Amino acid sequence: MGESRYDVIVVGARCAGSPTAMLLARKGYRVLVVDRAAFPSDTLSTHLVHPPGVAALRGWGLLDRLVATGCPPIHTYEFDFGSLVLPGAPGTAAEPYAYAPRRTVLDKLLVDAAVEAGAELREGFAVSGLVFDEAGQVVGVRGRETGGPEVTERARVVLGADGLHSLVARAVGARQYDEHPKLMVGYYSYFSGLEMDGVFKAHSRPHRSFGAWPTHDGLTLVGGCWPFAEFSDIKKDIEGNYFKNFELAPAWADRVRDARREDRIVGAALPNYFRKPFGPGWALVGDAGYCKDFFTAQGISDAFVSAELCARSLDDALSGRTAFDAAMADYQSARDRHARPVYDFTLQVSTLEPLSPEFETLLESMAGNQKAMDAFAQVNAGVTPMPEFIAAWGTSGTG
């Protein structure tokens, strides 16, 4: 087999792939990033970056660039349960804001940062398969740019950052564990004339949820959710059901009616799983290695965290400080420790089941107590794990 031209080939250049490539390139590694898309381009996404994800952008020196795009900061998460409303701060003094940048803006920013760090980028490059050596180790990829011939590129490690339907994960047979079925389906669109004034607003009703948050260009993302068991009925009239949801909060429905929808209604339902994120010559990062329902909108923040963890372990392995399997086992352990509280919380709330009497009593006791309401907002932002919140505020669960 020929000598590897690259240390790492990253398949997928969005919120997990580009940061990992950037961090490795900053360490001096030879990195190739390929993606079927060209940038800027959009993708289905809640595109909410909670304060932990914002902290990662700050640490990478990219937050000022995001702020300069005019993306409005979100300083309050407001939860409307019908009988009570709980507004709280999602972050801390060190990182007080969330942001919801359009993916056309965020992904381009991340791609550009990877290239500035020294990574090579090939847009419009479709990977058709992986290359294996005689021992079954991944040693490269095959693929082609639009209209071009198929080429083979070799690397010491191929990193799958190619999302839910990861070709890399399929090709290596990455084992899945702690799997759960799709629990919820959601649809969203964008509205003008619906000012949010820095507030992420969520409405929770039995078996229904809907919310909104501000993004670029004076637009507001407005979404609605249903239990996945209702999907076949919901998709018969997506637009009608989308707007019907809002009638459960009449004042909100009036606000939406007074606004103007600027885009089509799109949606998805996601499975819940972990995948073993490494093997001989390969690794997985972001949704390729761990996916959950988008109800908690934690995908981007988790992708940033997993990118940092993965890049650190790959550096340990590629530098020779730690054997590959040991370094990547550390990555898997660290990723799962970080992900587990949010994963469990997401599984719990994505059922859209009514609140338990105990948890409803807790929420009622929090009303008007700003410290308590901030703590609840920080659970939803991924700042504080739910078990810590429960231990501090004294109840046994949410449902």
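Placed above this text is the structure.
Report follows, based on the coordinates. (Residues numbered from 1 in each chain as written. Predicted model: local features only at pLDDT ≥ 70, side-chain atom pairs only at ≥ 80, totals over all residues. Heavy atoms only, no water.)

### A few points about unusual backbone geometry
Then comes step 1: Cis geometry is found at the peptide bond from Phe39 to Pro40, where omega equals 10°.
Then comes step 2: Looking at the secondary structure, you find Pro40 in the loop between strand 2 (31-35) and helix 2 (51-59).
Then comes step 3: Despite not being glycine, Ala297 has its phi angle at roughly 55°, a positive value.
Then comes step 4: Tracing the sequence through the fold places Ala297 in the loop between strand 21 (290-291) and helix 9 (299-318).
Then comes step 5: Given a relative accessible area of 5%, Ala297 falls into the buried group. (Helix = DSSP H or I, 4+ residues; strand = E, 2+ residues; numbered from the N terminus. Buried < 20%, exposed > 50% of the residue type's maximum accessible area, 1.4 Å probe, protein only.)

### Section: the packing of aromatic side chains
Then comes step 1: Inspection of every chain in the model, using the stated rule, returns 21 aromatic pairs.
Then comes step 2: Here the aromatic rings of Tyr77 and Phe200 are separated by 4.6 Å at their centres, their planes lie at 40°, and the arrangement is tilted. Linking Tyr77 in strand 4 (residues 76-80) with Phe200 in strand 13 (residues 199-205), this pair joins segments that are 123 residues apart in sequence.
Then comes step 3: On the basis of relative accessible area, Tyr77 is assigned to the buried category, the value being 1%.
Then comes step 4: Phe200 sits in the buried class, given a relative accessible area of 11%.
Then comes step 5: Each member of the aromatic cluster is reached from another via a ring pair, and the members are Tyr77, Phe79, Phe81, Phe200, Trp213, Phe359, Phe376 and Phe389.
Then comes step 6: When the ring centre of Tyr190 is taken as reference, the NZ or CZ atom of Arg102 above it lies at 3.9 Å.
Then comes step 7: Residue placement shows Lys276 over the ring face of Phe278; its charged tip is 4.8 Å from the ring centre. (Phe/Tyr/Trp six-rings, centres within 6.5 Å; stacked < 30°, edge-to-face > 60°. Lys NZ or Arg CZ within 6 Å of the ring centre and 35° of its normal.)

### Focus: the environment of Ala161
Then comes step 1: When you line up the elements, Ala161 lands in the loop between strand 10 (151-160) and helix 5 (167-172).
Then comes step 2: By relative accessible area, Ala161 is classed as buried at 12%.
Then comes step 3: Put simply, Ala161 and Val34 are 127 residues apart on the chain and 9.9 Å apart in space, counted from C-alpha to C-alpha.
Then comes step 4: Residues in contact with Ala161, not counting those within four places in the same chain, are Val10, Val11, Gly12, Ala16, Gly17 and Val285. (Contact = heavy atoms within 4.5 Å.)

### Concerning the nonpolar core
One broad trend across soluble globular proteins is that nonpolar side chains are buried collectively.
Then comes step 1: With 51 residues, the main nonpolar core has Val31, Trp60, Leu110 and Phe304 as its most contacted residues.
Then comes step 2: Among the elements that take part in this core, helix 9 stands out by supplying nine residues, more than any other.
Then comes step 3: Those residues in contact with Leu110 that lie beyond four places of it in its chain are Arg14, Cys15, Ser18, Pro19, Leu57, Trp60, Leu62 and Phe304.
Then comes step 4: One finds Leu84, Leu86, Leu363 and Ala375 within the second-largest nonpolar core, a separate group that totals 33 residues. (Core = buried A, V, L, I, M, F, W, Y, C linked by side-chain atoms within 4.5 Å.)

### Here's the deal with the environment of Val172
Then comes step 1: Mapping Val172 onto the fold places it in helix 5.
Then comes step 2: In this structure the C-alpha to C-alpha distance between Val172 and His216, which are 44 residues apart in sequence, comes to 39 Å.
Then comes step 3: Setting aside residues up to four positions removed in sequence, Val172 forms contacts with Leu130, Phe132, Val138 and Trp282.

### Here we look at empty space enclosed by the protein
Then comes step 1: Under the criterion given, the structure shown has three cavities of 30 Å³ or more.
Then comes step 2: Volume-wise, the largest cavity comes out at about 50 Å³.
Then comes step 3: Gly286, Asp287, Tyr290, Lys292, Gly299, Asp302, Ala303, Ser306, Tyr331 and Arg335 together form the lining of the largest cavity.
Then comes step 4: For the lining of the largest cavity, the secondary-structure elements that each account for two or more residues are helix 9 and helix 10 (324-349).
Then comes step 5: Looking at the lining of the largest cavity element by element, the count peaks at four residues for helix 9.
Then comes step 6: For the lining of the largest cavity, the residue count by class is three nonpolar, three polar and four charged. (1 Å grid on protein atoms, 1.4 Å probe; cavity = no way out; pocket = protein on both sides within 12 Å on 5 of 7 lines; lining within 4 Å. Points joined across faces, edges and corners; volume = space filled by probe spheres on them. Nonpolar A, V, L, I, M, F, W, Y, C, P; charged D, E, K, R; others polar.)

### Section: the sheet that holds strand 11 (residues 176-180)
Then comes step 1: If you walk across this open sheet you meet the three strands as 11-18-21, and the pairing is antiparallel. Sheet topology places strand 11 and strand 21 at the edges, where each strand pairs with a single neighbour.
Then comes step 2: Judged from the three bridges that link them, strand 11 and strand 18 (residues 272-275) form a sheet pairing that is antiparallel. Pairing of Gln176 across the sheet is with Arg275, part of strand 18.
Then comes step 3: Lying over the sheet, helix 10 contacts strand 11, strand 18 and strand 21, oriented at roughly 175° with respect to strand 18. (Pairing = 2+ DSSP bridges. Axes fitted to C-alpha atoms, helices over the stretch in contact; angles between N-to-C directions.)

### A look at helix 1 (residues 17-26)
Then comes step 1: In terms of burial, helix 1 is a largely internal element, nine of the 10 residues being buried.
Then comes step 2: All of the buried residues along helix 1 are Gly17, Ser18, Pro19, Thr20, Ala21, Met22, Leu23, Leu24 and Ala25.
Then comes step 3: For helix 1, the elements touching its buried residues are strand 1 (6-11), strand 2, helix 4 (103-117), strand 10 and helix 9.
Then comes step 4: Residue Gly28 follows helix 1 closely and has a positive phi angle near 100°.

### Things to note about the side chain of Ser189
Then comes step 1: Tracing the sequence through the fold places Ser189 in strand 12 (residues 184-192).
Then comes step 2: Accessibility expressed as a relative area gives 0% for Ser189, which makes it buried.
Then comes step 3: At 2.8 Å, the side chain of Ser189 and the backbone oxygen of Asp263 are in polar contact. (Polar contact = N/O pair within 3.5 Å; in protein donor to acceptor, adjacent residues only side chain to side chain.)

### Some remarks on the pattern of salt bridges
Then comes step 1: Applying the stated criterion to the full structure yields 26 salt bridges.
Then comes step 2: For the salt bridge of Arg65 with Glu116, the shortest nitrogen-to-oxygen distance reads 2.8 Å. Here Arg65 is found in helix 3 (residues 63-68), whereas its partner Glu116 is found in helix 4, with 51 residues between them in sequence.
Then comes step 3: One salt bridge in this structure joins Glu78 and Lys201, with 2.4 Å as the shortest N-O distance. On the criterion of sequence distance, the pair formed by Glu78 in strand 4 and Lys201 in strand 13 is long-range, its members being 123 residues apart.
Then comes step 4: Here the residues in one salt-bridge network are Arg5, Glu120, Arg122 and Glu153, joined through shared partners. (Salt bridge = Lys/Arg side-chain N within 4 Å of Asp/Glu carboxyl O.)

Remember, this is a structural readout, not a statement about activity or role.
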